[in-house]
Each structure stands twice: as C-alpha cells, then as structure tokens.
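What the coordinates show
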Amino acid sequence: MSEQANVTRVKAVQTGRPTRETAQRRQEELLERALEMFSEHGFELTTIDTLAASLNMTKRTIYARYKDKGALFEAAVKRAIDRWFIPIETLRSADTGQLETTLVAIGRFRLANNLSAEGVRLQRIVTAEAFRFPEVNGSYDAASRIVIHFLIEVFDKYRQQDAGDWFEDSELAASAFLSIVNAPARRAILSGRTPRPAALDGYVEKAVRLFLNGLRPRT
C-alpha cells in the first residue's frame, strides 16, 4: 500500500469517516440484504425502515446512495443478474465439436444455473415485478439470450458442416431447446422442490435426444 493510501486511511479513521474498503463492503451488504428482502417479502412490503434497521444503517445513508426504493430494487437485481449469467466464453468452452454432447453440456450448464439459489431467486423476483420494472426484466432477458446466441452459433455451424435439412431457423431451435431443458427449473420454482443432481443429469440427456429426434426430417 502506498504512503498516500496509508495517510488517507489514517485520516478517515481519525475523522470517523469509513475507509473506501469499508464503504464498498457496506454497499455490497446493502444490495445483498435488499435482494433478500425483496425476494422474501416482495417490492411493496419491503420498507427502507426495515432494511436500514436490519443492517444497523440509517435511512439517510441509503437515500444518499439511491433516490428511492425503486432505484435500490433495480440496483440490487441488476447486480444479481451480473453475477448469475453465464459468460459466452464459458459456453464456448463446452463446445465439443459434436452436436449432441455439446447440447448436453450446455443443457447442464443452463439447468444448474437456473436451479442455483441465485437463479431461483432471480426468476421469482423478476417474474413478480416485471410489470413494475420492465428495464430489470429486459436486463434479465438479455442475460438469458447469451445462451440463445451461443446455440444459434452451434446450430449454424453444424448445418454448414452437415449440409443436411434438419432445420432452417436456428433461433427457433435454440429457444425450443432451452424451453425443454428448463422444465425442471420451472417446476422447482412452482413447487419449491429441487430434483436430485443425478436425476437432472439423466433428464438433460433424454431431453437432448428428444430434441434432436424432433429436428430430424420425416420421410
């Protein structure tokens, strides 16, 4: 740490001001706790008073960062989306060069991501508040579409290599595939019960075979 940084830290302690690291940590705590409360109680029933009290933080401190509860909601959910989405580089690393095994790998990635604690919480809160916060819903959809864009790449590449007539609309195929694969996540969100990992692995393999058989041309 530089001498100037040490001087700044000492001055902050002497004047009672939080250091930059402390302020950042408190900011992360605020957003995480806000997300928990919005998820558990909904937007309407979550209050700044209760949130501030749970963090031993003043309302003034929260309003200094966010102009109102809506701005805090958007910041908390968008932060969660940024942590949840699967980067395109991660998806491309799962490409085996063979369509079926690649789809199995992507299906497992997607399903595990959606069934994670963060994934389930996000889907519930975004669905519940989509009408009130369309921009947040748009950010969630944009993150989800990263997987669709990758699948479009895979399907286009496979069609060029195979020169067959399995399918013409790669985007439609990508959307249909994700709808099939994500069925256990939708059921888990509704029922509150998550299937066993071994059962999920078997499901993804069967879903891929079903999907590919559906793409094959009928004679």
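Fair warning: this is a prediction, and the values are worked out from it, not measured in the lab. What you see as residue numbers is a count from 1 along each chain, following the sequence as written. Given that this is a predicted model, residues contribute local features only at a pLDDT of at least 70 and side-chain atom pairs are listed and counted only at 80 or more, while totals for whole chains, interfaces and linings are drawn from all residues. Based on all heavy atoms of the structure, the side-chain values leave hydrogens and waters out of the count.

**Examining the overall build of the protein**
Helix and strand labels come from DSSP, where a helix needs a run of H or I of at least four residues and a strand needs a run of E of at least two; each type is numbered from the N terminus. The number of helices and strands found in the protein is 12 helices and zero strands. Scanning the protein from its N terminus toward the C terminus, one meets helices and strands in the order α-α-α-α-α-α-α-α-α-α-α-α. Exposed residues in this analysis have more than 50% of their type's maximum accessible area, buried residues have under 20%, and partly exposed residues fall in between, with area computed by a 1.4 Å probe over protein chains only. Burial statistics for the protein: of 219 residues in total, 39% are counted as buried. Summarising the internal contacts of the protein: among those between residues at least 6 apart in sequence, 71% fall at separations of at least 24. Where accessible areas are quoted, they stem from the Shrake-Rupley method and a 1.4 Å probe; at the residue level, only the protein chains shown are allowed to cover. With the model as given, the accessible surface of the protein reaches about 12,600 Å², and the carbon-plus-sulfur share is 53%. In this analysis, two residues are considered to be in contact whenever any of their non-hydrogen atoms come within 4.5 Å of each other.

**Describing the nonpolar core**
Grouping buried Ala, Val, Leu, Ile, Met, Phe, Trp, Tyr and Cys residues that are joined through side-chain atoms within 4.5 Å yields what is termed a nonpolar core. If you look at the biggest cluster of nonpolar residues, it comprises 31 residues, and the most contacted ones within it are Leu103, Leu151, Phe155, Phe177 and Phe211. Of all the secondary structure elements, the ones that give two or more residues to this core are α6 (88–92), α7 (99–115), α9 (134–162), α10 (170–181), α11 (183–191) and α12 (197–215). Sort the elements by how many residues they give to this core and α9 lands first, with seven residues. In contact with Leu151, other than residues within four places in its own chain, are Leu103, Ile106, Ala174, Phe177 and Leu178. Judged by nonpolar contacts, the second largest core, of 28 residues, contains Leu30, Phe43, Ala76 and Ile125.

**A look at the pattern of salt bridges**
Salt bridge, as used here, is a side-chain nitrogen of Lys or Arg placed within 4 Å of a carboxyl oxygen of Asp or Glu. According to the stated counting rule, one finds 16 salt bridges in the structure shown. A salt bridge links Glu28 to Arg79, with the nearest nitrogen and oxygen atoms 2.9 Å apart. A residue pair is termed long-range when its members are at least 10 positions apart, and Glu28 in helix α2 (residues 20–45) and Arg79 in helix α5 (residues 69–84) qualify at 51 residues. Counted as one network, the salt bridges with shared partners bring together Glu28, Glu32, Arg79, Arg83, Glu118 and Arg121.

**Some remarks on the packing of aromatic side chains**
Only Phe, Tyr and Trp rings are paired, with Trp represented by its six-membered ring, and only when their centres lie within 6.5 Å; those with planes under 30 degrees apart are stacked, over 60 edge-to-face, the remainder tilted. Here the structure, examined in full by the defined rule, presents eight aromatic pairs. On the numbers, 5.0 Å between centres and 75 degrees between planes, the contact of Phe38 with Phe73 is edge-to-face. With Phe38 in helix α2 and Phe73 in helix α5, this residue pair connects regions lying 35 residues apart in the sequence. For Phe38, a relative accessible area of 2% puts it in the buried group. A network of ring pairs unites the aromatic residues Phe38, Phe43, Phe73 and Phe133 as a single cluster.

**Topic: α10**
Because the α-helix completes a turn every 3.6 residues, residues three or four places apart line up on one side. Helix span, as expected, comes to 1.5 Å for every residue beyond the first. Between its first and last C-alpha, α10 extends 16 Å over 12 residues, near the 16 Å set by a 1.5 Å rise per residue. N or O atoms closer than or at 3.5 Å make up a polar contact, with two conditions inside protein: a donor-capable atom paired with an acceptor-capable one, and, for residues adjacent in sequence, both atoms drawn from side chains. Its side-chain oxygen placed 3.2 Å from the backbone nitrogen of Glu171, Asp169 serves as the N-cap of α10.

**Section: the packing of α2 against helix α8 (residues 117–129)**
For helices, the fitted line uses only the C-alpha atoms of the stretch in contact; every axis is such a line through C-alpha atoms, and the angle between N-to-C directions lies from 0 to 180 degrees. Where α2 meets α8, the axes come as close as 10 Å, and the angle between the chain directions of the two elements is 55 degrees. Relative to α8, the element α2 is oriented oblique. The chirality of how α2 crosses α8 is left-handed. Along the contact surface, α2 presents Glu32, Leu35, Glu36, Phe38, Ser39, Gly42 and Phe43, while α8 presents Glu118, Arg121, Ile125 and Glu129. When the residues that make up the contact of α2 with α8 are grouped by side-chain class, the tally is four nonpolar, two polar and five charged. Should an angle lie under 35 degrees it is considered roughly parallel, over 145 roughly antiparallel, and from 65 to 115 roughly perpendicular; all remaining angles are considered oblique. Note on convention: near helix rotated counterclockwise from far helix by under a right angle means a left-handed crossing. Clockwise means right-handed. Side-chain classes follow a simple rule in which Ala, Val, Leu, Ile, Met, Phe, Trp, Tyr, Cys and Pro form the nonpolar group, Asp, Glu, Lys and Arg form the charged group, and the remainder, Gly included, forms the polar group.

**As for the confidence of the model for the protein**
Across the protein, the average pLDDT comes to 84, with 86% of residues at or above 70. Predictor confidence is given residue by residue as pLDDT, running from a minimum of 0 to a maximum of 100. Within the protein, helix α1 (residues 3–15) has the poorest average pLDDT of any element, 47, and helix α3 (residues 48–54) the best, 96. Across residues 7–15 the pLDDT falls below 50, and counting only partners more than four positions away or on other chains, this stretch makes seven contacts in the model.

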